[in-house]
Structure formats: structure tokens, C-alpha cells
Amino acid sequence: MDVKLWNDKQEREMYDNFAELFAIIKATEKLEKLYVRDIISSSDYEVECQKLIAHFKTLSSTLKYTIPSVEKFHETYKIDCPAAINRLVVSGVPATVEHRAAVAISSTASASVVAECVQNFITAMDSLKLNMVAVDQVHPLLSDLSASLNKLSLLGPDFEGKVKMKEWILRLAKMGAADELTEQQARQLHFDLESSYNSFMAALPSAGT
């Protein structure tokens, strides 16, 4: 005895859409596994993934009243495709696009920190040239410079600028706020800043910045 899943054309269309959604989720899960296992090239993966995401968005819009939650559909029919749900519902873009975005954000962040370091170097050196040698004037400038240098992961802990700024900050911490650097100390600090700045600029190309 045949059992009909639908009673009219509308119900039949609904079940056809369910089948299509099921197929898209399954295909996406398979594609994600192929990509992770490096069985498919990044370019081919991206093209196919974009197609599946586009089909999914179109179908989801059509079924938004019938299936308000794709996750619920996933659970109800025991599809067990977590990678597909992440790609289609959570992310909404191919993994390759996510990776490019992450690299771009990282590069932008690094460029911003490099600019901050350069500004702090120049500010500290210019301040000494203007004879701003009181501890409460010099200490904040060196602290800002040290903090910005520590944000840049491409500089190791033994980087000249980091070491020298730490030494100067410790030295200043032992002095009073109103104390001033001697002419010799100011000259030495300016020399250390200039030397550290040159080392900093030289380190950037080798880090690919």
C-alpha cells in the first residue's frame, strides 16, 4: 500500500523543498570535509561553496515560515552535519573568504601598531630635543613607547628597543617626579631611542611588514 506524503500540490512542493534543503546541507558537509582534507583546491572549493550558500539562502527565504529554524530542521531529521550548519547558518561565507578576512584584519592591526610605535619614537626624541627632561615628562613617553612595542608580535622579547626602554623606565621609577635628567643622561637616552628606532625600522622588512 502506497503512503502519500502530501495531499495536494502545495504539500508536495513543501516536501520537495525539504528534500532540496536536506541535499544542500549534505553536499555542504561533504564539501567542507574535502576542503579540510585538502582533496579539493581552494579555488574549486570557494566556487562550489558560494553556489551552495546562494542556493541555501534562496531556499531558506522561501521556507522561512515553514522552517523558521534550520538548526531545528537539522535536529528533527537527524542530519548530523555540523560543518555544514556552521558554514551555511553561522558563517555564511566560504572558509577561504574567512581566512582572507582574518589575514587582512591582522595586517591592518599590525600596520596600525607599527604606525603607533613610529609616532611614539618620534614624540620621545622630539621631546628631548625640546629639553623636556623632567621625570614626569619623560616617563609617560617611554611607557607609551614600551607598550606599543610590546603589542607588535614580530619583535622578540630581546629586541633592543624593548630592553632599553625597560631599563630606562626602571631607572626613572627610582627618581622623583620633579627630578630632571642630566645633560649626559638626556643625550644617552636620545642615542638609545635613535638606535632602537633604527633597529625597529630594520626589523620590519624581514618580518614582511
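Residues numbered from 1 in each chain as written. Predicted model: local features only at pLDDT ≥ 70, side-chain atom pairs only at ≥ 80, totals over all residues. Heavy atoms only, no water.

- Under an unreviewed UniProt entry, the protein chain has the name Vacuolar protein sorting-associated protein 28 homolog and belongs to Heracleum sosnowskyi.
- In UniProt, the protein chain has this text filed under Subcellular location (unreviewed entry): "Endosome".
- Looking at the protein chain in UniProt, the text filed under Subunit (unreviewed entry) is "Component of the endosomal sorting required for transport complex I (ESCRT-I), composed of ELC, VPS28 and VPS37. Interacts with ELC." (UniProt positions renumbered as here; feature names shortened; annotations may be inferred.)

### Examining the environment of Pro140
Now for step 1: Turning to its location among the elements, Pro140 is positioned in helix α6 (residues 135-151).
Now for step 2: Note: C-alpha distance between Pro140 and Ala124 (16 residues apart in sequence) is 9.4 Å. (Helix = DSSP H or I, 4+ residues; strand = E, 2+ residues; numbered from the N terminus.)

### Quick word on the packing of aromatic side chains
Now for step 1: Applying the stated criterion across every chain, the model contains 5 aromatic pairs.
Now for step 2: Plain terms: the ring middles of Tyr35 and Tyr45 are 4.1 Å apart, the flat faces sit at 15° to each other, and that makes the pair stacked. Taken together, the residues Tyr35 in helix α1 (residues 9-36) and Tyr45 in helix α2 (residues 42-62) connect sequence positions 10 residues apart.
Now for step 3: When its relative accessible area of 17% is taken as the criterion, Tyr35 is described as buried.
Now for step 4: Here the aromatic rings of Phe121 and Tyr197 are separated by 5.4 Å at their centres, their planes lie at 65°, and the arrangement is edge-to-face. Linking Phe121 in helix α5 (residues 95-129) with Tyr197 in helix α8 (residues 183-206), this pair joins segments that are 76 residues apart in sequence. Neither residue differs from the other here; Phe121 and Tyr197 are each classed as buried.
Now for step 5: Clustering of aromatic rings is evident, with ring pairs tying together Tyr15, Phe18 and Phe73.
Now for step 6: Against the face of Trp168 rests Arg171, its NZ or CZ located 4.1 Å from the ring centre. (Phe/Tyr/Trp six-rings, centres within 6.5 Å; stacked < 30°, edge-to-face > 60°. Buried < 20%, exposed > 50% of the residue type's maximum accessible area, 1.4 Å probe, protein only. Lys NZ or Arg CZ within 6 Å of the ring centre and 35° of its normal.)

### A few points about the side chain of Asp192
Now for step 1: Mapped onto the elements of the fold, Asp192 is located in helix α8.
Now for step 2: When residues no more than four places from it in sequence are discounted, the contact partners of Asp192 are Lys164 and Trp168. (Contact = heavy atoms within 4.5 Å.)

### Here we look at α2
Now for step 1: For α2, with 21 residues, the first-to-last C-alpha span of 30 Å sits near the 30 Å given by 1.5 Å per residue.
Now for step 2: Among the residues making up α2, those that are buried are Tyr45, Glu46, Cys49, Leu52, Ile53, Phe56 and Leu59. Looking straight down α2, one finds that the buried residues subtend no more than 165° of arc, so they occupy a single side. (Expected span 1.5 Å × (residues − 1). Arc of directions from axis to C-beta.)

### Section: the nonpolar core
Now for step 1: In this structure, Phe121, Leu142, Leu149, Leu181, Leu189, Leu193 and Phe200 are the most contacted members of the largest nonpolar core, which totals 29 residues.
Now for step 2: Elements supplying a minimum of two residues to this core: α5, α6, α7 (160-173) and α8.
Now for step 3: Among the elements that line this core, the one with the most residues is α5, at 8 residues.
Now for step 4: Setting aside anything within four residues of it in sequence, one finds Phe121 in contact with Leu145, Leu149, Leu193, Ser196, Tyr197 and Phe200.
Now for step 5: Counting residues in each nonpolar core, the second largest holds 23 residues, with Leu52, Leu59, Leu63 and Ala95 among its members. (Core = buried A, V, L, I, M, F, W, Y, C linked by side-chain atoms within 4.5 Å.)

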